[in-house]
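As a plain string of letters, each chain reads:
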Amino acid sequence: MLLAASKVFDKFKPVIGVNTDPERSEGHLCLPVRYTHSFPEALQKLYRGEFRWQWRQRIRLYLEGTGINPTPVDLHEQQLSQEQHSRAHIRADISGPHLLPVRALNEVFIGESLSSRSYNINKVAHQAVEEILKIAKKHGSLTMPLNTELVQKVTNDYNESLLYSPEEPKMFFSIREPIVNRVFSSSRQRGFSSKVCVRSRCWDACMVVDGGTSFEFNDGAIASIMIDTEDALCTVLLEE
């Protein structure tokens, strides 16, 4: 789904995904899993108009600064070692913000080369919540009984607060491994925004779009990451 969506720039060209590997893939962006084995039923619903359009917002990216390369490296087409991945980028000096030829549907990762793998780093586990509540209770900040039901409720409420409609013109940002010392600090590690600007302080880094398209992002490069409703991807929601 992500690979197909990355090739579509026409706002009015619908993209419909089918989960071909439901045993190993959530397929969140695809049709419900039951249509994997009954796709003719999905086609009939589409033919009869038993669906509504859903415009999934996408992220556009601008690069500027020194030593950047707006030409993407397609990670789907090749498996590169770290050294090969670094050499695949040919640096160039581009003046002014340059709009990159991709739109991100799922994520934009910025970090050291070949560390761009999807991790659900924002959800918290029951164990973490339980330990925090125990500390709060120890310091007298929690008076209610600490039990499994409370831990479950707090965990679910927090994780659900991270969810929002794909049609909303906003994105969620998160710093995976913030550096905190006497030189650097990180007061806000996650949140919602319609635009984020990042200046690289890295020596061997890349910016990877939806896990498949890579751009060099080393010291001197500045990325502007934003939502523009003109980039929305046309998808469908079948009537159930």
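Structural data are supplied above this passage.
All values derive from a computational prediction rather than experimental measurement.

> Explain the pattern of salt bridges to me, please; I cannot follow it from the model alone.
Charged atoms that come close allow side chains of opposite charge to pair. Under the criterion given, the structure shown has 11 salt bridges. Residues Arg24 and Asp21 are paired through a salt bridge, measuring 2.8 Å at the closest nitrogen-oxygen approach. One salt bridge connects Lys134 with Glu130, and the closest N-O pair in it is separated by 3.7 Å. With Lys134 and Glu130 both in helix α4 (residues 126-138) and 4 residues apart, the pair spans about one turn of that helix. With a relative accessible area of 47%, Lys134 lands in the partly exposed category. Within the structure, one salt-bridge network assembled from shared partners comprises Arg60, Arg103, Asp228 and Asp231.

> Honestly, the sheet that holds strand β3 (residues 73-74) in this entry has me stumped. Any pointers?
Neighbouring strands of a sheet are bound in pairs by backbone hydrogen bonds; such pairs are parallel or else antiparallel. With antiparallel pairing, the 4 strands of this open sheet are ordered in space as β3-β10-β9-β5. Either end of the sheet is taken by a strand with one partner, and the two such strands are β3 and β5 (108-112). In this sheet, strand β9 (residues 205-209) lies alongside β5 in antiparallel orientation, the contact comprising 5 bridges. Bridge pairing in β9 links Val108 to Val209.

Cut-offs used in this document
- Residues numbered from 1 in each chain as written.
- Predicted model: local features only at pLDDT ≥ 70, side-chain atom pairs only at ≥ 80, totals over all residues.
- Heavy atoms only, no water.
- Salt bridge = Lys/Arg side-chain N within 4 Å of Asp/Glu carboxyl O.
- Helix = DSSP H or I, 4+ residues; strand = E, 2+ residues; numbered from the N terminus.
- Buried < 20%, exposed > 50% of the residue type's maximum accessible area, 1.4 Å probe, protein only.
- Pairing = 2+ DSSP bridges.

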